[in-house]
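Remarks on the overall topology
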Amino acid sequence: MKVNTQSVNFVADKKLIDFVQKKMDKLDLFYDKVIQSDVYLKVENTSDKENKIFEARVSVPGDSFVVKKQCKSFEEGTDAAVASLERQLKKRKEKLRSYL
């Protein structure tokens, strides 16, 4: 799956982008009809430790899922968001399966 990654207010290094790509690729195991994924990595300009925002939009036929997580690191946010997307995609697949 092609993941469009954009970093806001900072420059993301190759290692972080590869990490996000690898985690998002795992979503194909749960739902194979993913059309497109957009990931936004943002850094808020605050003194708070949890100033990193990971936002993902996954498009599937007829719907799209949006997950936004705010954590101390992008890796932590990626893990939490992918787990949430995984649940949503499994739920959608079960719902579609019940219609057949």
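Our structure's up above, just so we're on the same page.
Figured I'd write up the structure that's included with this text. Please read these numbers as outputs of a predicted model, since none were measured by experiment.

Time to look at the overall build of the protein chain. Per the secondary structure count, the protein chain includes two helices and four strands. In sequence order, the secondary structure elements of the protein chain are arranged as β-α-β-β-β-α. Relative to the compact-globule value of 13 Å for 100 residues, the protein chain shows a C-alpha radius of gyration of 14 Å, a close match. Overall, the C-alpha framework of the protein chain stretches about 50 × 25 × 20 Å when taken along its three principal axes. In the protein chain, which comprises 100 residues, the share counted as buried stands at 33%.

Here Thr 46 shows up in the loop between strand E2 (36-43) and strand E3 (52-60). According to the relative accessible area criterion, Thr 46 is partly exposed, its value standing at 40%. In this structure, the C-alpha to C-alpha distance between Thr 46 and Asn 4, residues 42 residues apart in sequence, is 26 Å.

Within soluble globular proteins, side chains that are nonpolar generally end up buried alongside one another. Core analysis: the largest hydrophobic core is formed by 21 residues, its most contacted members being Met 24, Leu 27, Val 39, Phe 54, Val 58, Val 60 and Leu 85. Where this core is concerned, the elements lending two or more residues are helix H1 (14-25), E2, E3, strand E4 (63-71) and helix H2 (74-99). Ranked by the residues each element gives to this core, the list is headed by H2, at five residues. Not counting residues up to four positions away in its chain, the partners in contact with Val 58 are Met 24, Leu 27, Val 34, Gln 36, Ser 37, Asp 63, Ser 64, Phe 65 and Leu 85.

This brings us to the packing of H1 against H2. The contact between H1 and H2 brings their axes to 10 Å, and the two run at 15°. Considering their axes alone, H1 and H2 lie roughly parallel with respect to each other. The element H1 and its partner H2 pack so that their crossing is right-handed. Within the contact between the two elements, H1 uses Leu 16, Phe 19, Val 20, Lys 23 and Met 24 and H2 uses Phe 74, Glu 75, Thr 78, Asp 79, Val 82 and Leu 85. Counted by class, the contact of H1 with H2 contains seven nonpolar, one polar and three charged residues.

Taken in spatial order, the four strands make up an open sheet running E1-E2-E3-E4, and their pairing is mixed. At either margin of the open sheet sits one strand with a lone partner, and together these are strand E1 (3-8) and E4. Sheet twist, expressed as the mean angle between neighbouring strand axes with direction ignored, is 10°. Two elements, E1 and E2, share six bridges in a ladder whose sense is parallel. Opposite Gln 6, over in E2, you have Tyr 40 as the bridge partner. Sheet contacts for H2: E2, E3 and E4; angle to E4, the most-contacted strand, approximately 150°.

Cut-off values and rules
Residues numbered from 1 in each chain as written. Predicted model: local features only at pLDDT ≥ 70, side-chain atom pairs only at ≥ 80, totals over all residues. Heavy atoms only, no water. Helix = DSSP H or I, 4+ residues; strand = E, 2+ residues; numbered from the N terminus. Rg over C-alpha atoms; globule rule 2.2 N^0.38 Å. Buried < 20%, exposed > 50% of the residue type's maximum accessible area, 1.4 Å probe, protein only. Core = buried A, V, L, I, M, F, W, Y, C linked by side-chain atoms within 4.5 Å. Contact = heavy atoms within 4.5 Å. Axes fitted to C-alpha atoms, helices over the stretch in contact; angles between N-to-C directions. Parallel < 35°, antiparallel > 145°, perpendicular 65-115°, else oblique. Left-handed = near helix turned anticlockwise from the far one by under 90°. Nonpolar A, V, L, I, M, F, W, Y, C, P; charged D, E, K, R; others polar. Pairing = 2+ DSSP bridges.

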